[in-house]
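# An overview of the molecular structure
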Amino acid sequence: MIGFMNTQTTYLDYELLNQYLEILGPEGLGASVALFKQMAPEYLTGIQRLGECSNEVEVRRSAHKIKGSCRALGFIRLEQSMQEIERDEMGVYRFTGPS
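Residues numbered from 1 in each chain as written. Predicted model: local features only at pLDDT ≥ 70, side-chain atom pairs only at ≥ 80, totals over all residues. Heavy atoms only, no water.

### Remarks on the side chain of Gln83
Its place among the elements puts Gln83 in helix α3 (residues 76–87). Given a relative accessible area of 19%, Gln83 falls into the buried group. In this structure Gln83 touches Lys67 and Arg71, once residues within four positions along its chain are discounted. (Helix = DSSP H or I, 4+ residues; strand = E, 2+ residues; numbered from the N terminus. Buried < 20%, exposed > 50% of the residue type's maximum accessible area, 1.4 Å probe, protein only. Contact = heavy atoms within 4.5 Å.)

Below is the structure:
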């Protein structure tokens, strides 16, 4: 039986990955990971833009997009980070624009 180890981690959702593996098979899951790997430079640029952006709506939109991609592959910690930026309940990511 092919599967991911059932270990505790805050970084990966092994249960979700095992479900994908069961449904998509190794080749399908591999294709999904390959697509993420291909898109990673764009996501990295997006994350970097979050720190430079003075447009709060764009910050939230970018965080939401990246969060969805992370969720789809079980990247728990990255998803949580993007959700924190998207929600910004403490006002940490509010920007006033360039000085």
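### Notes on the nonpolar core
If you look at the biggest cluster of nonpolar residues, it comprises 9 residues: Phe36, Tyr43, Val59, Ala63, Ile66, Cys70, Leu73, Met82 and Ile85. Breaking this core down by element, the ones donating at least two residues are α1 (14–52), α2 (56–72) and α3. Here this core takes 4 residues from α2, the largest share from any one element. (Core = buried A, V, L, I, M, F, W, Y, C linked by side-chain atoms within 4.5 Å.)

### Things to note about α3
Given 3.6 residues to a turn, an α-helix orients residues that are three or four positions apart in the same direction. With 12 residues, α3 extends 16 Å from end C-alpha to end C-alpha; this agrees with the ideal 16 Å at 1.5 Å per step. Of all the positions in α3, only Glu79, Met82, Gln83, Ile85 and Glu86 are classed as buried. Projected down its long axis, α3 carries its buried residues within an arc of 160 degrees, all on one side. One or two steps after α3, the chain reaches Asp88, where phi turns positive at roughly 45 degrees. (Expected span 1.5 Å × (residues − 1). Arc of directions from axis to C-beta.)

### With respect to the packing of α2 against α3
Put simply, α2 and α3 touch, their axes get as near as 8 Å, and they point 155 degrees apart. As far as their axial angle goes, α3 and α2 are roughly antiparallel. The interaxial crossing formed by α2 with α3 has left-handed handedness. Contacts between α2 and α3 involve Val59, Arg60, Ala63, His64, Ile66, Lys67, Cys70 and Arg71 from the former and Leu78, Glu79, Met82, Gln83, Ile85, Glu86 and Arg87 from the latter. Its residues placed into classes, the contact of α2 with α3 shows 7 nonpolar, 2 polar and 6 charged. (Axes fitted to C-alpha atoms, helices over the stretch in contact; angles between N-to-C directions. Parallel < 35°, antiparallel > 145°, perpendicular 65-115°, else oblique. Left-handed = near helix turned anticlockwise from the far one by under 90°. Nonpolar A, V, L, I, M, F, W, Y, C, P; charged D, E, K, R; others polar.)

Purely geometric stuff here, so don't read any function into it on its own.
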